[in-house]
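# Report on the structure
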Amino acid sequence: MITLPLIPIVPIVIGVIALIILLSAFFTVKQQTAAVIERFGKFTSMRHSGLQLKIPVIDRVAGRINLRIQQLDVVVETKTKDDVFVRLKVSVQFQVIRDKVYDAFYRLQNPHDQITSYVFDVVRAEVPKMKLDYVFEKKDDIAIAVKRELNEAMLDYGYDIIKTLVTDIDPDIQVKAAMNRINASEREKVAAEYEAEAERIKIVAKARAEAESKRLQGQGIADQRREIARGLEESVDVLNNVGINSQEASALIVVTQHYDTLQSIGEETNSNLILLPNSPQAGSDMLNNMIASFTASAQIGEQMKKQSSNKNKGSKETDSLE
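No experiment lies behind these values; they were computed from the predicted model shown.

The subject of this paragraph is the sheet that holds strand 8 (residues 159-171). Strand order in the open sheet made by the three strands is 6-7-8, with antiparallel pairing throughout. Of all the strands in the sheet, the pair left with one neighbour each is strand 6 (70-79) and strand 8. Between one strand and the next, the sheet's axes are offset by a mean angle of 20°, whatever the strand orientation. Lying on the sheet, helix 5 (residues 139-154) is in contact with strand 7 (85-96) and strand 8; it crosses strand 8 at an angle near 145°.

So, in structure tokens, the structure goes:
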């Protein structure tokens, strides 16, 4: 029987353990991260990004701190000055100060809870001073107040507050519906005012157009009558030149216009105009009436001239006697 030599197990185990211990002495730290090293539970050093070395078994990595800018969203429910409950979402951007990693790691157990508590305190102190409409308008002021308060409180703990933002304001559903109705009513009111103004402008423009039309129409009628009068004057002058006096010439022109009017009416089949009197003797009757009127007016004129001349003579004789 062939026997194999026994392999020493103890040295192998010791070698493996020694290798593991040796490898545990090395560790890496990521970029924008800090590692806290403790020795028997006591802080020893702070290590930053790269390959680092520690004493095996004696030293240990107690924790790692993120040095990048972080964001914490806090939702706060509070009441406004006009007794409206509203939910505000406040986003806090913060960062651990590189020189104060020790304070950030050892002084605060849970920094997120600490920041949340301060945000609640500031928001519930500021918003109840404002009405709901002003909460929307002054949200930047709320964010500034939160940042100021957090900076004063968290700076001692190694945290720098970069920015605070009020990213959402959410009133109750019924309040939002009421606000939408108010907004819609205001817009309808403005629209009605604009429509009324537009209607007023249309009415004024129409009235001005009608006035201008009437003015032009009157001017046209006046020009027409002026031309008719000028034509009648020329006709009378022509008739006077052939031995017809003014009265006879006027009567002749009136009769001629009368028959011209009847002729134009007869040409229009749909005409509803009725000329009174309208008989075969209307022209001659009109002429006789006009001649009689002209004769009577001439006689009255002669008598008035005689009376005025007699008065003038009587006044002259009285003046001479005096």
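We now examine the nonpolar core. In this structure, V119, V123 and I142 are the most contacted members of the largest nonpolar core, which totals 35 residues. Listing elements by their share of this core, those giving two or more residues are strand 6, strand 7, helix 2 (101-106), helix 3 (111-126), helix 4 (132-137), helix 5 and strand 8. Look past the residues within four positions of V119 in its chain and what remains in contact with it is V74, V76, V90, V92, V146 and L150.

Let us now look at helix 5. Between its terminal C-alpha atoms helix 5 stretches 22 Å, which fits the 22 Å expected from 16 residues at 1.5 Å a residue. Here helix 5 has its buried residues at I142, A143, A145, V146, L150, N151, A153 and M154. Where helix 5 is buried, its residues touch strand 7, helix 3, helix 4 and strand 8.

Next up on the list: unusual backbone geometry. Notably, V57 is not glycine yet its phi reads approximately 70°, a positive angle. Here V57 is to be found in the loop between strand 4 (50-53) and strand 5 (59-66). Residue V57 is classed as exposed on the basis of its relative accessible area, which comes to 72%. Positive phi values are uncommon outside glycine, yet D83 reaches one of about 60°.

By secondary structure assignment, the location of E38 is in strand 2 (residues 33-39). Judged by relative accessible area, which is 7%, E38 ranks as buried. Only 2.8 Å separates the side chain of E38 from the side chain of Y106, close enough to count as a polar contact.

Next up on the list: the packing of helix 3 against helix 5. Helix-helix packing is described using two parameters, namely the angle between the two axes and the distance between the axes. At a closest axis distance of 9 Å, the pairing of helix 3 and helix 5 adopts a crossing angle of 140°. Classified by the angle between their axes, helix 3 and helix 5 sit oblique to one another. Between helix 3 and helix 5 lies a crossing of right-handed hand. On helix 5, the residues touching Q114, I115, Y118, V119, V122, V123 and E126 of helix 3 are I142, A145, V146, E149, L150, A153 and M154. Of the residues assigned to the contact of helix 3 with helix 5, the class counts are 11 nonpolar, one polar and two charged.

Our focus in this paragraph is the environment of K138. With respect to the secondary-structure elements, K138 resides in the loop between helix 4 and helix 5. The class of K138 is partly exposed, set by a relative accessible area of 35%.

In this section: the sheet that holds strand 3 (residues 42-47). Read across the open sheet, the three strands follow the order 3-2-5; overall the sheet is antiparallel. The sheet is open, and its two borders are formed by strand 3 and strand 5, each paired with just one other strand. Taking the axes of each pair of neighbouring strands and ignoring which way they run, one obtains an average angle of 30° across the sheet. The sheet contact formed by strand 2 and strand 5 spans seven bridges and is antiparallel.

In total, this model carries six salt bridges according to the counting rule given. Two residues, R39 and D59, come together in a salt bridge whose shortest N-O distance is 2.6 Å. On the criterion of sequence distance, the pair formed by R39 in strand 2 and D59 in strand 5 is long-range, its members being 20 residues apart. The exposure class of R39 is partly exposed, given its relative accessible area of 34%.

All right, on to the packing of aromatic side chains then. A full pass over the atoms with the stated rule returns five aromatic pairs. Arranged with centres 6.0 Å apart and planes meeting at 80°, the rings of F43 and Y106 form a pair that is edge-to-face. One end of the pair, F43, is in strand 3; the other, Y106, is in helix 2, with 63 residues separating them in the sequence. Members of the aromatic cluster, joined through ring pairs, are F43, Y102, F105 and Y106.

Next up on the list: the pairing of strand 7. Sheet topology note: the strand 6/strand 7 ladder contains 10 bridges and is antiparallel. Residue Q71 lies in a different strand from strand 7, and its bridge partner there is Q93. Counting the residues between successive antiparallel strands, the hairpin from strand 6 to strand 7 contains five residues, one of them, D83, with a positive phi of roughly 60°. Pairing of strand 7 with strand 8, which is carried by 11 bridges, proceeds in the antiparallel orientation. Among the inter-strand pairings, Q93 is bridged to a residue of strand 8, identified as K163.

Calculation rules
- Residues numbered from 1 in each chain as written.
- Predicted model: local features only at pLDDT ≥ 70, side-chain atom pairs only at ≥ 80, totals over all residues.
- Heavy atoms only, no water.
- Pairing = 2+ DSSP bridges.
- Helix = DSSP H or I, 4+ residues; strand = E, 2+ residues; numbered from the N terminus.
- Axes fitted to C-alpha atoms, helices over the stretch in contact; angles between N-to-C directions.
- Contact = heavy atoms within 4.5 Å.
- Core = buried A, V, L, I, M, F, W, Y, C linked by side-chain atoms within 4.5 Å.
- Buried < 20%, exposed > 50% of the residue type's maximum accessible area, 1.4 Å probe, protein only.
- Expected span 1.5 Å × (residues − 1).
- Polar contact = N/O pair within 3.5 Å; in protein donor to acceptor, adjacent residues only side chain to side chain.
- Parallel < 35°, antiparallel > 145°, perpendicular 65-115°, else oblique.
- Left-handed = near helix turned anticlockwise from the far one by under 90°.
- Nonpolar A, V, L, I, M, F, W, Y, C, P; charged D, E, K, R; others polar.
- Salt bridge = Lys/Arg side-chain N within 4 Å of Asp/Glu carboxyl O.
- Phe/Tyr/Trp six-rings, centres within 6.5 Å; stacked < 30°, edge-to-face > 60°.

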